[in-house]
Every structure is written in C-alpha cells, then in structure tokens.
Amino acid sequence: MDTQIKKVLELARAKINSAKVVKDLDQAYIEIFGKDGLMTVLTKQLSNLPQKDRPKTGTLINQLKKEIEERLKKKRSSLTARRSLPSIDITAPGKKQEIGHLHLVSQAIEETVKIFSRLGFSLQSYPEVDWDWYAFGSLNMPKNHPARDDWETFFVKSEINPKYGSQVLTPHTSNGQVREMERVKIPPVRMLNISRCYRRQIDVSHTPMFHQFEGLLIDEDVSISHLKGTFDYFTTNFFGPSRTTRLRPHHFRFTEPSFEVDVTCGVCQGLGCRLCKAGWLELGGAGMVHPKVLSAGEIDPTRYKGFAFGWGIERTIAMKTNIPDIRFFYQNDIRFLEQF
Ligand code: PHE
C-alpha cells in the first residue's frame, strides 16, 4: 500500500505541474478525485486491508489527500494571478499628467512687467556684463569713490577701454539708466529694466546672483509725488490693497534727493513684529535723477527731470509670501518650488 500511495502522489504531482491553464487543472482534479480517479481507487483499496492495518494506512491516505489539495490550491492561485496580469481595469481612474510651472521669480517678473506696463513703462534689456562707465562712472560715482564699496562688485578681467573703463558683472540695474537715455535721446523716457545682478554677498536676504528691476521716468515737470504715486500703484497691485509705502531719506550718488522705500509688513500689517522694523520692510532705493546723470546721458537737466527706482525681485517675493530665507529660491528643491 505504501508504494501505491507514493505512486499516486507522484502521478498527481505530475498532473498538477503540467497544467498550463485553469481548465487543465479542473481536468487534473477529475483525474485525481473523480469517480475513477487515482485517490478514489486508492481509498477503495482500504477495505481490502486487514482490520489492524487500516487506521495507519487511512491516516497516510488522508495526509496524501491534504497534500494534493494543497498543491491544487497553490497551482490554481498562481494560474489565475498570471492570467489577470495583462488585463486592464478600464474603470480605474486615469493617472494625472504632471505639468510644471514657471519658477516663482519668473512669475513675479511677469507680474511686475504687467503692472508697470499699465503705467506706460516698457521693458528694456541691458547687458549683465557692462562697462564701469555705465555701472558707476555715468552715475556720478568717480573712480575710487567710497560710495562704490556699497556695491560688492565682481570685476571681470578685461582690457581697459579709455572711455568706458574696465568691465564688471552688473551689481545693479542702474547701468540701464544712461544706456536708455542714449537709446531714446529725446524724452519722455519710461523704462523698466529687469536683469540679473551680481554681488559678493550670501546670507538669508542675499544671494550672489539675484534679479533687480529698475524704473526710469524722464519728462518735463516730474516731481516726487509722481514717484510716490508710482510706488503706491505698484504696491497695491503687487502686494494687495492693505499695504502702503513710505519714503525715507537716504543717499545715492545718482539721485538727489534720494530715498529708501519701505512697505508695510505683511505679517503684522504695520504694527511691528520680529520680521520687520517697527511695522515697515525695506523695499529698495529711489530718488530724483541727479542732473549729472542726465548730462551723462546727454539730456538737458535744465529742461527735463526724472525719477528712478530699483529693487530686488527675490526680496519683493519674500516680502509678499513671507519666505524667511531667499537662498531657498535657488536650491532647486522641488518641495519648495511646487508650492508656488
Ligand atoms: N541701484 C540702487 C541699488 O542697487 C537702487 C536705486 C535705483 C536707487 C535707482 C536709486 C535709484 O541699491
């Protein structure tokens, strides 16, 4: 009987293993457990055994039955799993295509250009690597003047031009002022110059490469109130109607009088908090164009007046969205960038 049991196990195993589809397995089941199946025939033989041997052999047959059933079950699940692989669930929700978006600096540039274009300012573009003359000299900053130290400038190894001097990575967009006067020649001038700028600085509010925009307006009868009105228009449109500006006296060589422009803090709404100076955040510099700068651009300072202003784009975004460290802008961390 023992050899027969082994034989049945072997045969059943072969049948199960050779099944390629579920239907084969159904057929194997019949051949094993059916009316004339291997197991049925085997079980019937039990009655031929002497009484004393029956319990032991019965137990062996039961074990065999269990084992075969187990194998059938395993094989069945592996066949059905394989069969379901290539099928497609057409009711499953589709996968969303991920779409990128503009970097937040580009978004702010677009918005700034739109706001100023409504006031008639047109966008101009001037060199990022420029002559000393346009970056400093024409802006009433003679060579070796200590005021230049405020612009932590990168100097470029270049030949010295007798008129324009050496070359620098523009530390501010004010290099566009005299260039714009030379382009337009006869006022009115309404320029918005947006460009990358470079300074040897890095901390929470500075990166060595950043963006500035520069506004320049030259016409007859231009006054400080026009400058203030322009700022208020920008601030209301960019930051929202609850924010206002103030002008604080300052000094620049290329404007007279000069101001620093502050905007009310968005966190405390002007009440004073950890982030701001008693309710105000410093936005940028501004002033009435110095007569010497107009002369450098060959515009008659007795007839025309103008105002100019400039500030960092990263800083305005940080002030709008309360970002605590502007170095985040350039770390390329997708978790940060996706939020905007
Ligand atoms: N260029 C100045 C700066 O970078 C800002 C400024 C622009 C000031 C125009 C006055 C007029 O700080």
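Reading guide: rules and limits
- Residues numbered from 1 in each chain as written.
- Predicted model: local features only at pLDDT ≥ 70, side-chain atom pairs only at ≥ 80, totals over all residues.
- Heavy atoms only, no water.
- Helix = DSSP H or I, 4+ residues; strand = E, 2+ residues; numbered from the N terminus.
- Contact = heavy atoms within 4.5 Å.
- Near = heavy atom within 4 Å.
- Polar contact = N/O pair within 3.5 Å; in protein donor to acceptor, adjacent residues only side chain to side chain.
- Areas by Shrake-Rupley, 256 points an atom, 1.4 Å probe, with all protein chains shown as cover.
- Nonpolar A, V, L, I, M, F, W, Y, C, P; charged D, E, K, R; others polar.
- Phe/Tyr/Trp six-rings, centres within 6.5 Å; stacked < 30°, edge-to-face > 60°.
- Buried < 20%, exposed > 50% of the residue type's maximum accessible area, 1.4 Å probe, protein only.
- Lys NZ or Arg CZ within 6 Å of the ring centre and 35° of its normal.
- Expected span 1.5 Å × (residues − 1).
- Arc of directions from axis to C-beta.
- Pairing = 2+ DSSP bridges.
- Axes fitted to C-alpha atoms, helices over the stretch in contact; angles between N-to-C directions.
- Domains from an automatic or database assignment.
- Core = buried A, V, L, I, M, F, W, Y, C linked by side-chain atoms within 4.5 Å.
- UniProt positions renumbered as here; feature names shortened; annotations may be inferred.

1. Observations regarding the side chain of Thr235
Within the secondary structure, Thr235 sits in helix 8 (residues 224-239). In contact with Thr235, not counting residues within four places along its chain, are Gly240, Arg243, Thr244, Thr245 and Val263.

2. Quick look at the site of the ligand
Inspection of the region around the ligand gives 15 residues, with Trp151, His172, Ser174, Arg199 and Gln212 positioned closest. Ser174 places a polar side-chain atom, nitrogen or oxygen, 2.9 Å from a nitrogen atom of the ligand. Contact between the ligand and Arg199: an oxygen atom at 2.9 Å from a side-chain N or O atom of the residue. For the ligand, whose free accessible area comes to 320 Å², the fraction covered by protein is 93%. Top contributing element to the shell around the ligand by residue count: strand 10 (residues 305-312), with three residues. Split into classes, the residues belonging to the shell around the ligand amount to six nonpolar, seven polar and two charged.

3. Some remarks on the packing of aromatic side chains
Inspection of every chain in the model, using the stated rule, returns 24 aromatic pairs. With 6.3 Å between their ring centres and 50 degrees between their planes, Phe329 and Tyr330 make a pair best called tilted. Judged by relative accessible area, Phe329 falls into the buried class, the value being 1%. Taking relative accessible area as the criterion, Tyr330 reaches 32% and is therefore assigned partly exposed. Here the aromatic residues Phe116, Phe121, Phe213, Phe231, Phe234, Phe238, Phe239, Phe307, Phe309 and Trp311 are joined through ring pairs into a cluster of three or more. Positioned above the aromatic ring of Tyr134 is the side chain of Arg179, whose terminal nitrogen or guanidinium carbon lies 4.1 Å from the ring centre. A cation over a ring is seen here: Lys320 above Phe238, with NZ or CZ 4.4 Å from the ring centre.

4. Regarding unusual backbone geometry
Of note, the bond from Pro187 into Pro188 is cis; its omega dihedral lies within 30 degrees of zero at 15 degrees. In this structure, Pro188 sits in the loop between helix 7 (175-184) and strand 5 (189-198). Here Glu256 and Pro257 are connected by a cis peptide whose omega angle stands at -5 degrees. Relative to the helices and strands, Pro257 is located in strand 8 (residues 255-264). Despite not being glycine, Lys185 shows a phi value in the positive range, around 65 degrees.

5. Comments concerning helix 1 (residues 2-18)
In this model, helix 1 (17 residues) spans 25 Å end to end at C-alpha, consistent with the 24 Å of a helix rising 1.5 Å per residue. Regarding helix 1, the residues found buried are Ile5, Val8, Leu9, Ala12 and Ile16. What you see down the axis of helix 1 is that its buried residues fit within an arc of 100 degrees, all on one side. In this structure, helix 1 carries Thr3, Lys6, Lys7, Glu10 and Asn17 as exposed residues pointing more than 90 degrees from its buried face.

6. Looking at the sheet that holds strand 2 (residues 129-131)
A sheet is described by the order of its strands in space; here three strands give the open sequence 2-4-3, paired in antiparallel fashion. Two strands bound the open sheet, and with one partner strand each, they are strand 2 and strand 3 (154-161). Neighbour-to-neighbour, the strand axes of the sheet open up by a mean angle of 25 degrees, direction not taken into account. As paired elements, strand 3 and strand 4 (residues 165-169) share four bridges and run antiparallel to each other. Opposite Val156, over in strand 4, you have Gln167 as the bridge partner.

7. Comments concerning the domain arrangement of the protein chain
The parts lose accessible area when they come together, and the size of an interface is often stated as this lost area. Each domain of the protein chain was delimited in the assignment, giving domain 1 (2-78) and domain 2 (106-337). Relative to domain 2, the C-alpha centre of domain 1 lies at a distance of 90 Å.

8. Comments concerning the nonpolar core
Core analysis: the largest hydrophobic core is formed by 38 residues, its most contacted members being Phe213, Phe234, Phe307, Phe309, Ile317 and Phe329. If you look at the next biggest cluster of nonpolar residues, it comprises 24 residues, including Tyr126, Ala147, Met181 and Tyr304.

9. Quick notes on the sheet that holds strand 1 (residues 122-124)
In spatial order, the strands read 1-5-6-10-9-8-7; together these seven strands make up an open sheet with mixed pairing. Both edges of this open sheet fall to strand 1 and strand 7 (245-252), since each of them pairs with a single strand only. Here the average twist between neighbouring strands, direction ignored, is 25 degrees. Here strand 8 runs beside strand 9 (residues 280-289); their pairing, made up of eight bridges, is antiparallel. Residue pairing for strand 9: Phe259 is matched across the bridge by Ala286. In the packing of helix 7 onto the sheet, the strands contacted are strand 1, strand 5, strand 6 (209-219), strand 9 and strand 10, and the crossing angle to strand 5 comes to about 140 degrees.

10. Here we look at the UniProt feature "binding site: Mg(2+)" (unreviewed entry) in the protein chain
Sites flagged by UniProt as "binding site: Mg(2+)" (unreviewed entry) map to Glu256. Looking at where Glu256 falls in the secondary structure, it is placed in strand 8. Relative accessible area serves as the criterion here: at 49%, Glu256 is assigned to the partly exposed category. Not counting chain neighbours up to four residues away, the residues in contact with Glu256 comprise Met288 and His290.

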